Amino acid sequence: MTLDVKDNLPLSYDFTDCSSISLYIHFPFCIEQCSFCPIKTIKYDSNFAYNYIQSLKNEITACMNNTDVNRIKVDAVHFGGGTPSLIKASQLNDILNTIGQFVNIDTSEIIIEMHPQFISTDLLTYLGGLRNCTANLGIQSFDDSILTSMNRHYSCLDMLHMVELIQKNVTSLGIDYICGWHTADFKTLETDLKYIDLIHPEHISQYPLYPKSSQNNNIYMNQSEECVNKKVALNFACEQYLSSMGYNRYSIFHYENRKKISHLYGRNQLTGGKWIGFGADAYTYLGNLIRLNSNIKDYISGRFIYKQNKLDCRERCLWEFLFFIRTVPLSKETITIRYGSINLNLIDVITQELQRHHYINSQNDMSLTWNGIINLDKVERIISDVFSKNVSSIL
């Protein structure tokens, strides 16, 4: 869908359709770009980051001042990036206090994405004082040679030491793990999984390596049949092993150990949850509206909002369906209950197309296969095409 560019957009939101929301805080700074990451980032500079955080607090204040938020429950405040663990403890406290002036976040999940190499003792101490905090650590691999090729300059032993410190301070630990790096094999996977079992985090995000168009080295763009089959086999084996360790898979990328529900911002997106995004290039979704914030140069100058679009019924259904299809397990009956009032034939067409490409298990079990997950862009294109060809039946 196309977002319309708007000048001087009001910093206010209509929460008529919301009872709870998540807040996403974007911190686009990194010390160095990881070789696998497609996200646009900016080299960290403490003075530039300070000015950015001042603008961040200004946007939050302006938005909350112009919006009736008294009846809204904030279930999560998610700090993403970039490398949010570069934020100083005092700065993080300022941001949370700014939010807390307008809404109660005492029991909200505070989740912060962290780079193992860039976590200060002060930040860990501060996070340990929060009532409901999740540290999500970008582990990616336990193999030193793979970490080097990812442009991540720490060793497996360094990372295990950091995990120990986090688990001593923070309520809940999540990790990101890339399965299917071009030099990985089943022996590498087996070793990585033993380490995962050793630290036993509350939450695991398992990602296949997706092609990165901006990367000159063609190993990242290799989508040959042999490469895809290798990724499918490695990721399927990883899934089976994590299941044997007691993890429950609730989305195509995510597992929980059933002891604690965490990662609410991402989890809520699966079921049409609403969120406000603060920071440069952040998205907001409120059901009837999508907004995109400005680039960092405009953002720091005080022009926070770049684009917005009011969604009609078809656009809203498509937006939410593209998240819902990532749910695991996912039956056709579940989809029909949620979307059957729109058009049963539309669901049938989507099912047939996805099964024809072996992207789902069967017509009744619409959980994406690993072939579908690795070709997620194609899955989304199929769904979008079906929706666009059936506009009259959805409206």
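Conventions adopted
- Positions within a chain are numbered from 1, following the residues in the order the chain's sequence is written.
- Only residues with pLDDT of 70 or above have their local features reported here, since the model is predicted, and side-chain atom pairs are shown and tallied only from 80 upward, although totals for entire chains, interfaces and linings are computed over all residues.
- Computation of side-chain values covers all heavy atoms of the structure but excludes hydrogens and water.
- Put simply, DSSP H or I for four residues or longer makes a helix, DSSP E for two residues or longer makes a strand, and each gets a number counted from the N terminus.
- The classification of residues rests on relative accessible area computed with a 1.4 Å probe and restricted to protein chains. Under 20% of the type maximum is buried, over 50% is exposed, and intermediate values are partly exposed.
- Any pair of nitrogen or oxygen atoms within 3.5 Å is treated as a polar contact; in protein, a donor-acceptor pairing is required on top of that, and neighbouring residues in sequence qualify only through side-chain atoms on both sides.
- A score from 0 to 100, pLDDT tells how confident the predictor is in each residue.
- Contacts are assigned to residue pairs that have any heavy atoms within 4.5 Å of one another.
- Between rings of Phe, Tyr and Trp, where Trp is taken as its six-membered ring, a pair exists when centres lie within 6.5 Å; planes separated by under 30 degrees are stacked, by over 60 edge-to-face, and by other angles tilted.
- Two conditions define a charge sitting above a ring: the NZ of Lys or the CZ of Arg must be within 6 Å of the ring centre, and it must be within 35 degrees of the ring normal.
- For this document, the term salt bridge refers to a Lys or Arg side-chain nitrogen within 4 Å of an Asp or Glu carboxyl oxygen.

Q: A description of the environment of Trp181 should follow, citing residues and the corresponding values.
A: If you trace the backbone, Trp181 turns up in the loop between strand E8 (172–179) and helix H6 (186–199). For Trp181, a relative accessible area of 1% puts it in the buried group. The sequence separation of Trp181 and Ile60 amounts to 121 residues, and the corresponding C-alpha distance is 39 Å. A polar contact is formed between the side chain of Trp181 and the side chain of Ser149, at a distance of 3.0 Å.

Q: Please give an account of the confidence of the model for the protein that cites residues and values.
A: Per-residue pLDDT for the protein has a mean of 90; in total, 90% of the residues score no lower than 70. Note that pLDDT drops below 50 for residues 214–219; the model gives that stretch three contacts with residues more than four away or on any other chain.

Q: Any details on the packing of aromatic side chains? Residues and values, ideally.
A: Overall, the coordinates contain 18 aromatic pairs when judged by the stated rule. Residue placement shows Arg267 over the ring face of Tyr250; its charged tip is 3.9 Å from the ring centre. In this structure, Arg338 is placed above the aromatic ring of Phe324, and the distance from its NZ or CZ to the ring centre is 5.0 Å.

Q: Give a description of the pattern of salt bridges that names residues and reports values.
A: One pass over the full model with this rule turns up 12 salt bridges. The salt bridge involving Arg303 is made with Asp298; its shortest N-O contact spans 3.9 Å. The salt bridge partner of Arg338 is Glu320, with a shortest N-O separation of 4.0 Å. Here Arg338 is found in helix H11 (residues 332–339), whereas its partner Glu320 is found in helix H10 (residues 313–324), with 18 residues between them in sequence. Glu320 sits in the buried class, given a relative accessible area of 11%. Counted as one network, the salt bridges with shared partners bring together Arg316, Glu320 and Arg338.

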